[in-house]
Structures are given as structure tokens and as C-alpha cells.
Amino acid sequence: MPDPIPFHKPSIRQAEIDAVSAVLRSGWLTSGPKARELETAVIKYVGGSRTAPLHAVALSSCTAALHLALIAAGVGPGDEVVTSPYTFVATGETILYLGAKPIFVDVEASTKNLDPSKLEAAIGKKTKAIVMISIAGHPCRSAEILGIARARGIPVIEDAAHSLTARIGDAPVGTQADITCFSFYATKGVTSGEGGMVITQREDWATRIRRLCLHGLSDAAWSRYGKGGWWEYDITELGYKYNLTDIQAALALAQMERAEAMRARREAIARRYSDAMRAFPAIRVPEAAPGVRHAWHLYQLSLTLRDALAMSLREHGIGTSVHFKPLHLFPFYQERLGVKPGAFPVAERCFAETLSLPIYPDLSDSDVDRVIERIRSHRGGAR
């Protein structure tokens with residue numbers, strides 16, 4: 001049997017190894033100059049020529065970013081936050097961390113993102129924020145969502161864990177919402193192993209998030225122990241341990257240099273898959289909406305015999321995954337929120353029919369063709 005094709009493999013070059021080694025030799029391993037450099041690099045990548053300045057805070061995960069973004073937006077006990085059930089569990093749990101309640105809105109079948117046409121009905125007197133999620137790297141219909149939110153004075157947070165390199169027209173993801181949360185997890189388009197970031201135009205929000213991410217301290221260790229620093233600090237409010245280390249930041253910085261090239265390779269793989277599989281009547285391939293640049297974090301097929309195909313690929317050494325089981329189908333959320341199966345039929349149908357194939361920069365064309373050929377030979381792909 002040929003070598004297995006994993007669902008994901010990180011793309012690590014000598015530049016990444018050298019960058020991390022340099023930090024290890026520097027003697028400063030926790031949050032410091034490299035974390036700040038990463039913030040600057042992402043602002044430059046996302047912000048471009050924007051006249052309104054952007055502010056960024058590097059964090060330990062996108063989950064941390066969502067949690068602190070919700071705090072900055074004023075979410076607290078008894079509030080409601082409107083979001084999609086078709087997402088990773090972090091989106092829902094960070095709302096619950098704050099004693100607030102997720103209010104779910106069904107998704108569009110085409111993108112699996114929150115359906116703006118169903119948004120207004122979910123907004124009520126207790127709505128404190130909206131969290132929109134750009135699934136798989138396809139941006140949300142943010143203009144419509146923001147229009148509804150702006151008319152009601154509700155802040156919008158974007159869970160853009162999949163979408164650092166995506167664009168709507170010429171506008172990068174990160175410039176639409178009031179605050180955007182990115183992920184640098186191991187499978188993402190740019191990785192630090194574990195990590196995340198918030199981007200916002202609100203300087204006051206960014207300042208508070210920077211303070212909250214390190215125990216509520218008035219000064220981080222880098223400031224206190226650097227040249228001219230001093231040991232003394234204040235605790236201004238209850239905080240968390242959500243800071244990104246310089247080791248992780250150095251890895252992500254090196255990856256940022258290749259962000260466009262890695263996205264382009266993902267797109268080429270997606271195109272190769274789609275060009276071949278449009279010929280399979282039983283399968284629907286993902287498409288980018290007009291004017292949208294997809295990040296292609298995930299390549300999600302849709303088919304009715306999903307599990308059979310997944311098992312067939314697994315038996316032949318090809319890794320796959322499913323993204324995502326909607327939150328309202330988990331017993332915890334059903335018991336906590338009173339939601340039931342059948343409440344969000346589009347999200348449920350997407351979950352039942354979706355299979356994510358391998359898509360990462362170091363995946364070769366020959367391996368892509370192996371995946372395609374295995375699907376072709378599986379009887380579900382021929383129907």
C-alpha cells in the first residue's frame with residue numbers, strides 16, 4: 001500500500017525552524033518582542049492602506065480571542081449572543097463562560113455560514129452581540145449582517161478561525177466586523193502550533209484585551225523586566241492567562257512570509273479536486289461566491305453517503321474529517337439551552353452530508369489524484 005495521506009500535515013520550512021531556534025537562543029521565551037512583531041505583521045497583512053488604524057493582540061488561542069472579544073463587547077450574565085450552531089464548540093462555550101446564552105440562527109446551505117435572512121428574527125431585547133463564523137475559509141455575508149446589527153447598535157464579532165487569508169472583494173477578512181478573531185492552530189493557514197489573535201479598530205477594546213490576557217496586570221513581564229523597566233505592577237481587574245509566547249509568535253511570523261503562497265497552493269488543490277469531482281453526480285463540490293476569495297482552510301464535499309465514503313478512504317490510508325456537528329445536537333447544549341434536533345434543519349443537513357478532504361500546502365498533486373481516484377472507484381462517487 002502507498003504511504004498514508006494524513007488529513008493534515010503542517011508546512012514547516014527551515015525558516016520556521018531557524019526563527020524558533022533564534023528565540024530559544026535569545027533567552028526570552030514568553031510574550032515579548034516577537035509577539036508584538038506578529039501583531040504588527042497581521043495588522044499590515046489585514047489592514048493594508050486602511051485610513052482607520054487597526055489594533056491587534058496576540059493570544060494563546062482563538063478560543064481565548066473569542067472569550068476576550070465578548071468581554072470587550074460588554075457581554076455578561078443574562079445577555080444573549082446570536083450566532084450559528086454550525087461551528088466548533090469554542091464559539092458556543094465562550095458565550096456560556098460569561099453566563100450569557102447562545103441564540104442560534106440556521107445557516108446557508110451553500111456556504112454553511114449564518115443566514116442573514118434569518119438573523120432579525122433571533123434578535124431580542126437581551127441581544128448583546130452577534131458572532132458570525134466564516135466556515136472553511138469562506139467569508140460571511142458580512143455587509144448584510146453588519147447592516148442589521150448597526151441599525152440596532154449591536155456589536156459584531158467575527159469568528160474567522162478559518163479565514164485569515166480570505167477576502168471580500170479587495171477587503172481582507174479582519175476589516176469587516178467590530179472585532180475579528182483569528183486562529184494559529186496547527187491546521188490553520190498560518191500556524192504557531194497553538195495561538196490566536198484579535199483585530200479591532202477600537203483601541204479601548206484592544207487595550208483592555210491586552211490587560212485581560214495576562215491576569216489583569218498593568219504591565220507585562222517584557223515591559224517590567226526590559227531596559228528601564230521596574231518590578232512594580234497593579235491588578236486592575238480579574239484577568240486570564242491567555243498570552244502568546246515568543247516561541248509561538250516566531251513560528252507564526254515565519255509562516256506569515258508564506259501566507260499568500262500557502263493559500264495559493266490550497267486553492268490549486270481545491271481546483272484540482274473540483275475539476276475532477278464535478279463529473280460525479282452524487283457529489284457537490286464547494287464553490288466560492290462571486291467576488292469572494294476563499295482561504296480554503298477546509299475542502300468540504302457534500303454527499304448523501306458520506307460515512308461509507310469516509311470509511312472507504314480510511315481503509316486506503318486517506319485521512320478525512322467532518323466539520324462540524326452542530327452545537328444543538330450535543331446533549332450538553334440540549335440540556336443547557338433547551339434546543340432540540342430539527343430546530344436548524346439546514347445546519348443538520350450540512351453536517352449529515354459533509355466530508356472534509358485533505359488540503360494543505362505540502363500535499364502533492366499525485367496525492368490529490370490518489371484521493372480523487374479512490375473516490376472515483378468508490379461506488380458512492382459514481383452514482
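Structure first, text after, so check above.
What this report covers is the structure whose coordinates are included nearby. Within each chain, residue numbers correspond to sequence positions counted from 1 in written order. Only residues with pLDDT of at least 70 get local features here, since the model is predicted, and only at 80 or more are side-chain atom pairs given and counted; chain-wide, interface and lining totals rely on the full set of residues. Computation of side-chain values: all heavy atoms of the structure, hydrogens and water removed.

### Some thoughts on the packing of aromatic side chains
Then comes step 1: Ring geometry is summarised as follows: Phe, Tyr and Trp rings, the Trp one being its six-membered ring, pair when their centres sit within 6.5 Å, and such pairs are stacked at plane angles under 30 degrees, edge-to-face over 60 and tilted between the two. Under the defined criterion, the tally for this structure stands at seven aromatic pairs.
Then comes step 2: On the basis of an interplanar angle of 85 degrees and a centroid distance of 5.2 Å, the ring pair of Phe332 and Tyr333 is categorised as edge-to-face.
Then comes step 3: Relative accessibility under 20% of the residue-type maximum defines a buried residue, over 50% an exposed one, and the middle range a partly exposed one, all with a 1.4 Å probe and only protein chains included. Under the relative-accessibility criterion, Tyr333 is labelled buried at 3%.
Then comes step 4: Ring pairs connect the aromatic residues Tyr86, Phe88 and Phe324, which therefore count as one cluster.
Then comes step 5: By definition, being over a ring means that NZ of Lys or CZ of Arg is both within 6 Å of the ring centre and within 35 degrees of the ring normal. Of note, Lys325 hangs over the ring of Phe330, and the distance from its end group to the ring centre comes to 4.9 Å.

### Quick look at the environment of Gly193
Then comes step 1: Here Gly193 is to be found in the loop between β8 (179-183) and β9 (196-200).
Then comes step 2: Residue classification places Gly193 among the partly exposed positions, given a relative accessible area of 28%.
Then comes step 3: Along the backbone, Gly193 and Ala252 are 59 residues apart, and their C-alpha atoms lie at a distance of 8.4 Å.
Then comes step 4: Contacts: residue pairs with any heavy atoms within 4.5 Å of one another. Setting aside chain neighbours within four positions, we find Gly193 in contact with Phe184, Tyr185, Ala186 and Leu251. In this description a helix means any DSSP run of H or I spanning at least four residues, a strand means any run of E spanning at least two, and both kinds are numbered starting from the N terminus.

### Comments concerning the nonpolar core
Then comes step 1: By size, the foremost hydrophobic cluster in this structure holds 32 residues, and its most contacted members are Leu59 and Ile157.
Then comes step 2: Within the residue set of this core, elements represented by two or more residues are β1 (55-59), α3 (62-72), β4 (127-133), β8 and α6 (203-212).
Then comes step 3: Beyond its immediate stretch of four places on either side in the chain, Leu59 contacts Ala64, Ala65, Leu68, Gly195, Gly196, Met197, Val198, Ile209, Cys213, Tyr242, Asn243 and Leu244.
Then comes step 4: Throughout this description, the term nonpolar core refers to a set of buried Ala, Val, Leu, Ile, Met, Phe, Trp, Tyr and Cys residues connected via side-chain atoms within 4.5 Å. In terms of nonpolar packing, the next biggest core, distinct from the first, is built from 26 residues, Ile269, Trp296, Leu313 and Ile359 among them.

### A word on helix α12 (residues 345-353)
Then comes step 1: Those residues of α12 that sit buried are Val346, Ala347, Glu348, Cys350 and Glu353.
Then comes step 2: Tucked inside the fold, the buried residues of α12 contact β11 (299-302), α10 (306-315) and β12 (354-357).

### Looking at the sheet that holds strand β5 (residues 156-159)
Then comes step 1: Two strands are said to pair when DSSP picks up at least two bridges between them. If you trace the seven strands from one edge of the open sheet to the other, you get β1-β9-β8-β5-β4-β2-β3, paired in mixed fashion. Looking at strand neighbours, the two that pair on one side only are β1 and β3 (101-104), the edges of this open sheet. Each adjacent strand pair in this sheet contributes to an overall mean axis angle of 20 degrees, direction not counted.
Then comes step 2: Axis definition: a line fitted to C-alpha atoms, over the contacting stretch in the case of helices. Angles run 0 to 180 degrees between N-to-C directions. Here helix α5 (residues 142-150) sits on the sheet and contacts β4 and β5; the angle it forms with β4, its principal contact strand, is near 180 degrees.

### Observations concerning the pairing of β5
Then comes step 1: The two faces of β5 match: Val156 and Glu158 on one face and Ile157 and Asp159 on the other face are all buried.
Then comes step 2: Here four bridges tie β4 to β5, and the two strands are oriented parallel to one another. Bridge pairing in β5 places Val131 opposite Ile157.
Then comes step 3: Whether a crossover is right-handed comes down to one check: with the strands pointing away from the viewer, does the path from the first strand over the helix to the second run clockwise; if it does, it is right-handed. The parallel pair β4 and β5 is bridged by α5, and the resulting crossover is right-handed.
Then comes step 4: The pairing of β5 with β8 spans three bridges and is classified as parallel. Residue pairing across strands places Glu158 opposite Thr180, the latter belonging to β8.

Read these as geometric descriptors, not functional statements.
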